[in-house]
Amino acid sequence: MADVIGSALKRHEDIRLIRGKGQYTDDMKIPGMVYASMVRSPYAHARIVAVDTAEARQVPGVQAVFTGRDLKDEVGMVPTAWIPPDSDMKMTPHPALAYDLVRYAGDAVAVVIADTPYIAQDAADLVRVEYDAMPAVTNPRDAAKEGAPLVHEDIAGNVAFHWKAGVSVDEVFNKAEVVVRHEFRQQRLVPSAMEPRAAVAQWNAATDELTVWVTTQNPHIHRLLMSGMLGIPEHKLRVVAIDVGGAFGSKIACYPDEVIVSWAARKLNRPVKWTETRSENFTVTTHGRDHVEEVEVAGTKDGHIQAIRVKSYANLGAYLSTAAPGVPTILFGLIVNGAYAIPYASAEVFGVLTHTTPVDAYRGAGRPEATFLVERMVDLYSEAVGMDPLAVRKINLIPADAFPYTNPFTLQYDSGNYQGALAKALEMVDYQQFRKEQDNLRKQGKYVGIGFSTYVEMCGLGPSEVAGAVGFQGGLWESATVRVHPTGKVTVFTGASPHGQGEETTFAQIVAQELGLPPEDIEVVHGDTAKIAMGWGTYGSRTTVVGGAAIHMADQKVIEKARKIAAHKLEVGEDDVAFDQGLFSVKGLPARTVTFQEAALDAYLAWSLPKGMEPALEGTAFYNPENFTYPFGTHIAMVSVDPETGDIELMRYVAVDDVGVVINPMLVEGQIHGGLVQGIGQALYEGAEYDDQGQLLTGSFLDYAMPKARFFPKFETAHTVTPSPHNPLGVKGVGETGAIASTPAIVNAVMDALAPFGIHDLPMPLTPRKVWQAIAAKGGTH
Amino acid sequence: MEESLVPVTLTVNGKAIAREVEPRTLLVHFLRDDAGLTGTHVGCDTSQCGVCTVLLNGEAVKSCTVLAVQADGADVLTIEGMEEEILHPVQQGFWEKHGLQCGFCTPGAMLTASYLLSTHPHPSEQEIRESLDGLLCRCTGYETIVRSVQRAQEIMDERRESADRETRAI
């Protein structure tokens, strides 16, 4: 049998999805179900004077209207689940429905529940809310200034936390030959999963149990948090997420909406469904990024970078969302030295509250922001010392013999060969030839540029001890049960919760390889707290790394028990039994065999098991990783800029990624492509903008530029393989690499193209207008 | 607000479906809620994302831009009606070439692709990319969708050739 691990198997989940038989939350229909619509504040900052629900209640078909006062004493505050240590973090009490103050445009103040969604929306428009509007602040650095309007009255200066890491770099900077300083605006992004969020709650009055179908990346975390808010014990609360239509971090958080419908379902004893509109998704579902960063690099005149110092103002929005405080601190600050052997580094982060939509994880979550600033600074430093950015990268990349490498923040990069990935990328791109052509084209008034991103990231979240040490209020291990049925078919239960990544297939490949079974004999179950005892979900490129490793461990338990059964049947000692490709055989006597299926049947019949052995055949394992994993690689972008219009054309994009062992190359390529388009989207197209009243100006797909198919050339992807030494499968994680690496590669390429104009940096997104204006300001092409 | 209901009859995936609906009912809501066909999804409220695309009398339309009453008497094809005895070439192409990840935009992507191939049997890569202009996919980066459409076109050609061979054999 050919190896299943490493083969481009077609996806198991597609069998239902290409037929329209997926089960997304909004597809749920339960007899007697009623529909919720939220009444949301149009103001970013206001005091609620009065809420008049009388007219809405009179609409035929309206079942109930609830306001913040109705929930106040019955539903707990929406919690934050990440408290960075030594940061003096202040909690931001977040009522599910606001009852005194609204703190961003979109904050919910009432809910209407009606027989149909149309009636619920009509009646929601008839809820009269009187507001006393107040000044708002949206920019994080402005919000931290004296006299800025306060988001929470008791949080001075709007600073929710102040976090520092690293070592003192002052002396290095004082003595440095070259110091480069720059400020970056890491703009706010809207994650924009194509499936809007939704929740369906059903109360069972006979058993006092609540079932909630919800668009989540982590049903067990949802269960834990909602249990606290609703006062329903975990064993009476079931959270289900079967098919989730993309998330990218925006479905990690526990939101008010699912808590409101859960409370209402119990109150009304009716199933209640809520599905957000896209407009609500823009204003309410968590956003990503949004930092103002002051960055300094110290180095020698001959290209050796000695220190990096980062001070960042992270905009967290109006409330601290579930994982929000961890994103701009631990997942950002600890890796700002990137893939470079920079001996000294420090990071300081102000977590700032503003009158905007809460910000939480978005694909890469912290690591794109870190990668962007270090990759851009390498280019700006190269320019300052008059060296080629490729040469500077070669000087400063961590050498292959330095692994495991401890960075200035004490992270231990597990394994790597950064030069290897760079060399492979340079095989695909003739760099010297490009430079020659670039010179020739410039003489003709044509501007092309090349940009590098030689990145590393940390993922596979993560060791639970570290989770605890950095203030994450949960574990980060993963669970797996491999249940072998009497006929040798297998059901795998995972605590990870894939939602498009394809682990129903990847995980089946792991089990198929290890137990020697056809992949079609294996079913992977995820996303249901009633079926899976515990798990921590899918985010941080952890599913295959941590969840896959748990399955590997469970497989070993199954094999060891089955080996004992086979040995008993073969009447030899278990040490004399080999297992290969689904067959147990006596070592040296290959003709004497027991199939895996025969062993499974024996385990269930239990007619003749080894003395003292329990019947049945299944393995359960809980894998707690030793370390994070550190994927890396080299991305190269080539662009041309039309100086007459400011238009940027992406000519070529080369991505060489090392994500460790690849289980399904087709799925890995898909993850990289998707990440690239999101990362390039940030560089060129996407950006959420607020006006100074806190109104989101980019609140629909008409105003927020989502990447489209015609914007891109064919991507050129390749791999090097440096297995993770501590992961049993050698995998490193691939979900976020594309989004992490690509943004600076593009901006570096555009700035390289614009160098003849004396343009060194522009804020993202690099829209044609911005580029054209910058060229015009430098005197244009004439 | 529940004014008079209006009777409509649509042929959806070859079956007549007669219902009384509010005049403002969108076709996509008719399909999902009245016809129980939840394979067609709703991804936005400004007719930008294209995930609700269906074939209306053979033409690709965003079913959130059409009222059910406007579609009275029409033929509608949704994702649930694509497969006949075997998978539609577009379904097969998307499966083979990893044209979907979360699957949410997939119904719209596949019906857009099948409309393209019905009007342009041999599109260039650029034509395929431009035909997807009305579709937003956040997972795939689009390239595998392009490959899926190209593969679907090959499968269509293969099936046509083999049908021709069978006809000749008879």
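Thresholds, definitions, all that
- Residues numbered from 1 in each chain as written.
- Chains lettered and ligands numbered in written order.
- Predicted model: local features only at pLDDT ≥ 70, side-chain atom pairs only at ≥ 80, totals over all residues.
- Helix = DSSP H or I, 4+ residues; strand = E, 2+ residues; numbered from the N terminus.
- Rg over C-alpha atoms; globule rule 2.2 N^0.38 Å.
- Buried ≥ 20, exposed ≤ 12 C-beta atoms within 10 Å, placed from the backbone.
- Contact = placed C-beta atoms within 7 Å.
- Core = buried A, V, L, I, M, F, W, Y, C linked by C-beta atoms within 7 Å.
- Pairing = 2+ DSSP bridges.
- Axes fitted to C-alpha atoms, helices over the stretch in contact; angles between N-to-C directions.

1. Focus on the overall build of chain A
No. 1: A count of helices and strands for chain A gives 21 helices and 28 strands.
No. 2: For 782 residues, the compact-globule formula gives about 28 Å, and the C-alpha radius of gyration of chain A, at 28 Å, lands near that figure.
No. 3: Each principal axis of the C-alpha distribution contributes one length, and for chain A these read about 90 × 75 × 50 Å.
No. 4: Counting across all 782 residues of chain A, residues that qualify as buried make up 59%.
No. 5: Contacts spanning at least 24 positions in sequence make up 81% of the contacts within chain A whose residues lie at least 6 apart.

2. Points about the overall build of chain B
No. 1: Check the secondary structure of chain B and you find five helices and five strands.
No. 2: Starting at the N terminus and walking to the C terminus, you meet the elements of chain B as β-β-α-β-β-β-α-α-α-α.
No. 3: Dimensions of chain B along its principal axes, counting C-alpha atoms only, are 55 × 45 × 25 Å.
No. 4: Put simply, chain B has 170 residues, and 56% of those count as buried.

3. Brief notes about the nonpolar core
Residues and elements named next belong to chain A.
No. 1: Membership of the largest hydrophobic core comes to 308 residues, with the highest contact counts inside it found for Ala 36, Val 111, Val 112, Val 511 and Val 750.
No. 2: For this core, the element with the most residues is helix 17 (residues 543–570), which contributes twelve residues.
No. 3: Setting aside chain neighbours within four positions, we find Val 511 in contact with Val 482, Val 490, Val 492, Leu 517, Ile 522, Ile 551 and Asp 555.

4. Some remarks on the sheet that holds strand 10 (residues 209–214) of chain A
Residue and element names in this part refer to chain A.
No. 1: Judged by pairing direction, the sheet is mixed, and its seven strands sit side by side in the order 3-5-1-12-9-10-11 without closing on themselves. Whereas interior strands pair on both sides, the edge strands pair on one side only; in this sheet they are strand 3 (62–67) and strand 11 (237–240). Within the sheet, the average angular offset between the axes of one strand and its neighbour, ignoring direction, is 20 degrees.
No. 2: In the packing of helix 4 (residues 117–124) onto the sheet, the strands contacted are strand 1 (34–40), strand 3 and strand 5 (108–114), and the crossing angle to strand 1 comes to about 25 degrees.
No. 3: Helix 7 (residues 219–230) rests against strand 10 and strand 11 of the sheet, and its axis sits at about 145 degrees to strand 11.

5. Focus on the sheet that holds strand 23 (residues 583–586) of chain A
Residues and elements named next belong to chain A.
No. 1: With antiparallel pairing, the three strands of this open sheet are ordered in space as 22-23-24. In this open sheet, the two strands that pair with only one neighbour each are strand 22 (577–580) and strand 24 (589–595). Geometrically, the sheet is characterised by an average inter-axis angle of 35 degrees between neighbouring strands, direction not taken into account.
No. 2: Inspection of the sheet shows strand 22 paired to strand 23 by four bridges, in the antiparallel sense. Paired with Phe 579 across the bridge in strand 23 is Phe 584.
No. 3: Sitting on the sheet, helix 17 is in contact with strand 22, strand 23 and strand 24, with an inclination near 130 degrees to strand 22.

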